Amino acid sequence: MESLVKITPDSIDSDRLLAYLTESEGGAIDIFLGTTRRFTAGRETVSLSYEAAPNLAEKEIQKILSDAARKWPLIRAAIVHRTGLVPVNEASVFIGVATEHRSEAFSACRFLIDELKKRVPIWKREKFCDGSEEWVQGVTPSGD
Amino acid sequence: MTIRITLFAMLKEEAGLANFEIDIAEGSTGADVLREVGKLYPVLSDYLAYVRLASPEKYLRTRDVIDAIATPELYIIPPVSGG
């Protein structure tokens, strides 16, 4: 499996990442994009702000990719997570996999985003329209 | 042994700083390190039950002995919320 992993303050270039996956010559590509939602439980969000642990965040994503590659025959995968301010309607995370058939593409893509949310040292802070800000409640990575 | 501690997200905010150094005894485990951090920054005490320790390379287990030469920098990882 070939892969592209990046934590970046830049906006996510989905076209370029899709091209990278398409060039794999597989038969199926599944992509998940996480974007900043405007309304959560009736409160209006202006932006999310993300912080990532240097080096460790990429390392953990690599591990998740290795775990996925053991479960499904992946040809290529791309995972990019943005840091800093992400306004409403913009993407904070791109997860994409290229495989031979659709079934493993769907399964692997789902696994990758679920594991990323449970394990990768990234934190989001939510800024609301009323000017208030708070850290989004997270989960303690298992394995201690 | 001196070890450099890095805090993230709400821990950094609560403590008012991102990095500091602590002295730990030879043979200290990750749990010992967290206890020391709690003594130094009592404001973090409530959070420390829900953190993971890590090096910049990988997550560590709190029962493991910390080798300050192999791991001169420790991350304290509060509950994660990426995605």
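A. Up close: the nonpolar core. One finds Ile-61, Ile-95, Leu-112 and Leu-116 of chain A to be the most contacted residues of the largest nonpolar core, which totals 28 residues. Going through the elements one at a time, strand S1 (2–8), strand S4 (43–52), helix H2 (56–71), strand S5 (74–82), strand S7 (91–99) and helix H3 (102–119) of chain A are the ones with two or more residues in this core. Ranked by residue count, the leading element in this core is H3 of chain A, at 7 residues. Setting aside residues up to four positions removed in sequence, Leu-116 of chain A forms contacts with Ile-61, Ile-64, Ile-79, His-81, Val-93 and Ile-95 of chain A together with Gly-82 and Gly-83 of chain B.

B. Spotlight on the pattern of salt bridges. Inspection of every chain in the model, using the stated rule, returns 21 salt bridges over all chains. One salt bridge connects Lys-12 of chain B with Glu-51 of chain A, and the closest N-O pair in it is separated by 3.1 Å. In this pair, Lys-12 of chain B sits in helix H1 (residues 9–15) while Glu-51 of chain A sits in strand S4, so the two residues belong to two different chains. When its relative accessible area of 30% is taken as the criterion, Lys-12 of chain B is described as partly exposed. The salt bridge involving Arg-4 of chain B is made with Glu-73 of chain B; its shortest N-O contact spans 3.8 Å. You can see Arg-4 of chain B sitting in strand S1 (residues 2–7) and its partner Glu-73 of chain B sitting in strand S5 (residues 73–77), a full 69 residues away along the chain. Residue class for Arg-4 of chain B comes out partly exposed when judged on its relative accessible area of 36%. Judged by its relative accessible area of 21%, Glu-73 of chain B falls in the partly exposed class. Several salt bridges share partner residues, and in doing so they unite Glu-60, Lys-63, Asp-67, Arg-70, Glu-115, Lys-118 and Arg-119 of chain A into one network.

What counts, and at which threshold
Residues numbered from 1 in each chain as written. Chains lettered and ligands numbered in written order. Predicted model: local features only at pLDDT ≥ 70, side-chain atom pairs only at ≥ 80, totals over all residues. Heavy atoms only, no water. Core = buried A, V, L, I, M, F, W, Y, C linked by side-chain atoms within 4.5 Å. Buried < 20%, exposed > 50% of the residue type's maximum accessible area, 1.4 Å probe, protein only. Helix = DSSP H or I, 4+ residues; strand = E, 2+ residues; numbered from the N terminus. Contact = heavy atoms within 4.5 Å. Salt bridge = Lys/Arg side-chain N within 4 Å of Asp/Glu carboxyl O.

As far as function goes, none of this settles anything; it's purely spatial.
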